[in-house]
Amino acid sequence: VQLQASGGGLVQAGGSLRLSCAASGRTFRGYAIGWFRQAPGKEREFVAGISGSGVFTYYADSVKGRYTISRDNGMNTVYLQMNSLKAEDTAVYYCATVKTESRSTILRSPPNYDYWGQGTLVTVSS
């Protein structure tokens, strides 16, 4: 599975962006998807995840209520809608995926994921 993340850019605090993660190589129906981010000098951290079924989602406390993850299995694409952006949201955002036994599973640890996109930079100016 190859992943291509896009949609990053420069936005003012309080603004919005929508990131996309397109999969190719095979369908990722049944794969859990996670969005992670990594700011300079910091470890990669979990942001949001969605189960293979698309029914279950999970968010880091820092983005809860502001970010929404969704998936379109027909388009083999996952989205991350980011609203009310803050300067501390500035980071390179990565999408990742892994085949899970259960279609309700959401994984939050980077080592659990098998496939990663190249990352897209989000810069929020204050």
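The structure reproduced in this document is the subject of the present report. (Residues numbered from 1 in each chain as written. Predicted model: local features only at pLDDT ≥ 70, side-chain atom pairs only at ≥ 80, totals over all residues. Heavy atoms only, no water.)

Bringing the overall build of the protein chain into the picture now. Per the secondary structure count, the protein chain includes zero helices and 11 strands. Taking 14 Å as the expected radius of gyration for a compact globule of 126 residues, we find that the protein chain reaches 13 Å, a close match to that expectation. Dimensions of the protein chain, computed from the C-alpha atoms along their principal axes, are close to 40 × 25 × 25 Å. The burial tally for the protein chain puts 45% of its 126 residues in the buried class. Nonlocal contacts in the protein chain, meaning residues at least 24 apart in sequence, comprise 59% of its contacts between residues at least 6 apart. Accessible surface, the protein chain: about 6200 Å² in total, of which carbon and sulfur atoms supply 47%. For the protein chain, the separation between the mean place of its 13 positive charges and that of its 8 negative charges on side chains is 6 Å. (Helix = DSSP H or I, 4+ residues; strand = E, 2+ residues; numbered from the N terminus. Rg over C-alpha atoms; globule rule 2.2 N^0.38 Å. Buried < 20%, exposed > 50% of the residue type's maximum accessible area, 1.4 Å probe, protein only. Contact = heavy atoms within 4.5 Å. Areas by Shrake-Rupley, 256 points an atom, 1.4 Å probe, with all protein chains shown as cover. Lys, Arg positive; Asp, Glu negative; His and termini not counted. Charge placed at Lys NZ, Arg CZ, Asp CG, Glu CD.)

Read from one edge of the open sheet, four strands run E1-E3-E8-E7, paired in antiparallel fashion. Bordering the open sheet on either side are strand E1 (2–6) and strand E7 (67–72), each of which pairs with just one other strand. If you compare each strand with its neighbour and ignore which way they point, the axes differ by 15° on average. As defined by bridge partners, strand E3 (residues 17–24) adjoins strand E8 (residues 77–82) across six bridges and the pair is classed as antiparallel. Residue Leu-19 lies in a different strand from E8, and its bridge partner there is Leu-80. (Pairing = 2+ DSSP bridges. Axes fitted to C-alpha atoms, helices over the stretch in contact; angles between N-to-C directions.)

In summary, the side chains of a regular strand alternate between the two faces of the sheet. When you tally the buried positions in strand E4 (residues 31–38), you get seven out of eight residues, the bulk of the element. Inspection of the sheet shows E4 paired to strand E9 (residues 91–99) by eight bridges, in the antiparallel sense. Residue pairing across strands places Trp-35 opposite Cys-95, the latter belonging to E9. A loop of six residues connects E4 with strand E5 (residues 45–50), the two strands running antiparallel in sequence, and Gly-41 in this loop sits at a positive phi of about 80°.

Let's shift gears to the environment of Ser-62. Residue position: Ser-62 is located in the loop between strand E6 (57–59) and E7. Ser-62 gets classed as partly exposed once you look at its relative accessible area, which sits at 39%. Sequence separation of Ser-62 and Ala-91 is 29 residues, and the distance between their C-alpha atoms is 13 Å.

What follows deals with the side chain of Asn-73. Structurally, Asn-73 can be placed in the loop between E7 and E8. Residues in contact with Asn-73, not counting those within four places in the same chain, are Phe-28, Arg-29 and Gly-52.

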